[in-house]
Amino acid sequence: MVTVKFFAQLRDAVGTDSLQIAAADLEQVYAQLQQSLDSEAWEQLRQDNVRVAVNQNIVNTNPALCHGDEVAFLPPVTGG
Amino acid sequence: MVIQQHDFDVAKIYDTMRNQAGSDAGAIVTFVGLVRDRNAIAGDGSTVSTLTLEHYPGMTEKSIASIIDEAQQRWPVPWVNVVHRVGEMQPSEQIVLVMVGSAHRDAAFAAAEFIMDYLKTKAVLWKRELSEAGERWLESTDQDAERSKNWQQN
């Protein structure tokens, strides 16, 4: 199982801040989310400006995932 | 660098840096960001009552540490401190502190500005604003993006 986390407007859209998902890589996380999320939340998640982190490092590929890994969906950030 | 919910005391942080730097420092630049009561981004001027900052523990700290690292690679600024608050804040409250110490003021001014510009666009933080117009998540402005881009070219 991997932990999938959602932040800010993505958490609002998904309706929870984290989910436990059985997945061997990031593509499988997407496949499961596509099935379980409503279409509006799914569309928000797939927007170009959403970044994905695995164990707190931004990824641009389809990394293999191990039990206990943490996948996070990050909408556009702003601080200061 | 610290992420915290509670307010910070600028004088204490300044004293700490002054003691650390000793007589090697010729300048300490301090920037404090405050919560404004008007929304400037949407341009509708609606009155803001609460600003909520959300973070991703661990990754937020890492993102700010890497901004500080980059500043220290660009300028001779041995002393840098950033305090960023998270949670709920009301207008006029302190939200962020950037303090930079250097032998000379030009490096300290430049590094402080660089760090603030990057905090606006690269720090892993999210802002939600509650105003008369309702609740909304904020994004960095085009102006913020432009300022960050300018640093990448220089």
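To be clear, the structure that these remarks concern was listed above.
Residues numbered from 1 in each chain as written. Chains lettered and ligands numbered in written order. Predicted model: local features only at pLDDT ≥ 70, side-chain atom pairs only at ≥ 80, totals over all residues. Heavy atoms only, no water.

Trainee: Now, about helix H3 (residues 105-122) of chain B: what can you tell me, with residues and values included?
Mentor: Residue and element names in this part refer to chain B. Helix length check: H3 (18 residues) gives 25 Å between terminal C-alpha atoms against 26 Å at 1.5 Å per residue, within 8%. Restricting attention to buried positions, one finds in H3 the residues Ala107, Ala108, Ala110, Ala111, Ala112, Phe114, Ile115, Met116, Asp117, Tyr118, Leu119 and Thr121. Summarising the contacts, the buried residues of H3 are in contact with strand E2 (27-34), helix H2 (59-74), strand E4 (79-85), strand E6 (94-102) and helix H4 (142-153). (Helix = DSSP H or I, 4+ residues; strand = E, 2+ residues; numbered from the N terminus. Expected span 1.5 Å × (residues − 1). Buried < 20%, exposed > 50% of the residue type's maximum accessible area, 1.4 Å probe, protein only. Contact = heavy atoms within 4.5 Å.)

Trainee: Quick rundown of the nonpolar core? Include the residues and the values.
Mentor: Within the largest apolar cluster, 34 residues are counted, with the highest numbers of intra-cluster contacts made by B:Trp75, B:Val82, B:Val98, B:Val100, B:Phe114, B:Ile115 and B:Leu119. Where this core is concerned, the elements lending two or more residues are E2, strand E3 (48-55), H2, E4, E6 and H3 of chain B. The element contributing the most residues to this core is H3(B), with 10 residues. In contact with B:Trp75, not counting residues within four places along its chain, are B:Ala107, B:Ala110, B:Ala111, B:Phe114 and B:Trp151. Core analysis: the next-biggest nonpolar cluster, separate from the first, contains 22 residues, A:Val29, A:Tyr30, A:Leu33 and A:Ala41 among them. (Core = buried A, V, L, I, M, F, W, Y, C linked by side-chain atoms within 4.5 Å.)

Trainee: An account of the side chain of B:Glu129 is requested, with residue identities and associated values reported.
Mentor: All names here are of chain B. Within the fold, Glu129 resides in strand E7 (residues 125-131). We classify Glu129 as buried; its relative accessible area is 4%. Look past the residues within four positions of Glu129 in its chain and what remains in contact with it is Asn39, Val48, Thr50, Leu51, Gly134, Glu135, Arg136 and Leu138.

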